[in-house]
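Descriptive structure summary
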Amino acid sequence: MCTVIPLVAIEADDCPNPGGLTDIHVIRRRDIDVFPAVDADGVTISAAIVPKTGKKFVPWAFAQDTGEINHASSGDAGTQSIKHELNVYVPRGDAKIDAVIQSALNGDFVVAGRDSNGNLRLVGDERRGVKFEHDYKSGKKGTDKNGTDFKFSGEGFTHVPFYYTAALPV
Amino acid sequence: MKLTKFKLVNHEGLTGLNYKGRTIAFDKIDDKLAEELIGKTHVLERVPGTEPATTSEAPALPEAIGDKKKAE
């Protein structure tokens, strides 16, 4: 069901506007019991996500200045939708991190990423999650990066990543 | 720090809340913070009878004012 939202003006502002993400929290989509309806603006969720009993959002730490959340239109005119993407770089390769990677393959996720302006945004929703991909590289020299690129992505969304203003259960 | 006007519910397996970029353990939530968080989480419930008091009186209905003037 689509609701056509009237166009409104975009106002200029003189506020600071840093890039990047400061933290991410991850949950499997199937572990969400209640995914609230979006607010009237079509982009904000102000009611709380309720996980199933015993489930929660878990934080995944990442290297500073490596987190990003992206969305872009995709598809031809007349069939356009939105793709979601969230990327971070997790330094070091060890058994604990690799166990997380292994458990995430073929998973279907909703990921909350907070940007440097303080906005918490969700990639994935109640009907369509984002898939997880990784790319680990040990590096060759002592000064090379040794760690894993994490990527969450999905296509075919009818909305941008929602702005989530309630509390995350952790 | 203690919850007196609220109680924690349905928080099995959870350790706290992440709100506005801060992770808040359940034992750090007091009544003041709970007042801000109520409605933004499923784990807080207000204890009946502890609703904040309303300070403003409801304005008189225009019809009622008109009736009063007529009576004068």
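That block above? That's the structure.
Quick caveat: nothing in here was measured; it's all calculated off a predicted structure.

**A closer look at the overall build of chain B**
Tallying secondary structure elements over chain B gives 2 helices and 4 strands in all. For chain B, the N- to C-terminal ordering of α and β elements is β-β-β-α-β-α. Residues classed as buried in chain B amount to 17% of the 72 residues present. Taking all contacts inside chain B whose residues are at least 6 apart in sequence as the whole, residues at least 24 apart take part in 66%.

**Some points on the sheet that holds strand E13 (residues 168-169) of chain A**
Ordered in space as E13(A)-E2(B)-E3(B), the 3 strands form an open sheet in which the pairing is antiparallel. Every other strand in the sheet has two partners, leaving E13 of chain A together with strand E3 (22-25) of chain B as the edge strands with one partner each. Relative to E3(B), strand E2 (residues 16-19) of chain B runs antiparallel, the two being bridged by 4 bridges. Paired with Asn18(B) across the strands is Thr23(B), a residue of E3(B).

**Describing unusual backbone geometry**
The residue Asp65(A) is not glycine, and still its phi comes out positive at about 65 degrees. In this structure, Asp65(A) sits in the loop between strand E5 (58-59) and strand E6 (68-74). Residue classification places Asp65(A) among the exposed residues on the basis of 11 C-beta atoms within 10 Å. At Lys20(B), a residue that is not glycine, the phi angle is positive and equals roughly 50 degrees. When you line up the elements, Lys20(B) lands in the loop between E2 and E3.

Definitions and cut-offs
- All residue numbers refer to position in the chain's written sequence, counted from 1.
- For this description, chains carry letters from A and ligands carry numbers from 1, given in the order in which they are written.
- Local features in this predicted model are restricted to residues of pLDDT 70 or higher, and side-chain atom pairs are both shown and tallied only at a pLDDT of 80 or more, whereas totals for entire chains, interfaces and linings draw on every residue.
- Secondary structure elements are taken from DSSP: a helix is a run of H or I of four residues or more, a strand is a run of E of two residues or more, and numbering for both begins at the N terminus.
- Three classes are used. A residue is buried when 20 or more other C-beta atoms lie within 10 Å of its own, exposed when 12 or fewer do, and partly exposed in between, with C-beta atoms placed from the backbone.
- Contact between residues is assigned whenever the C-beta positions, reconstructed from backbone atoms, fall within 7 Å.
- Strands qualify as paired when DSSP identifies two bridges or more between them.

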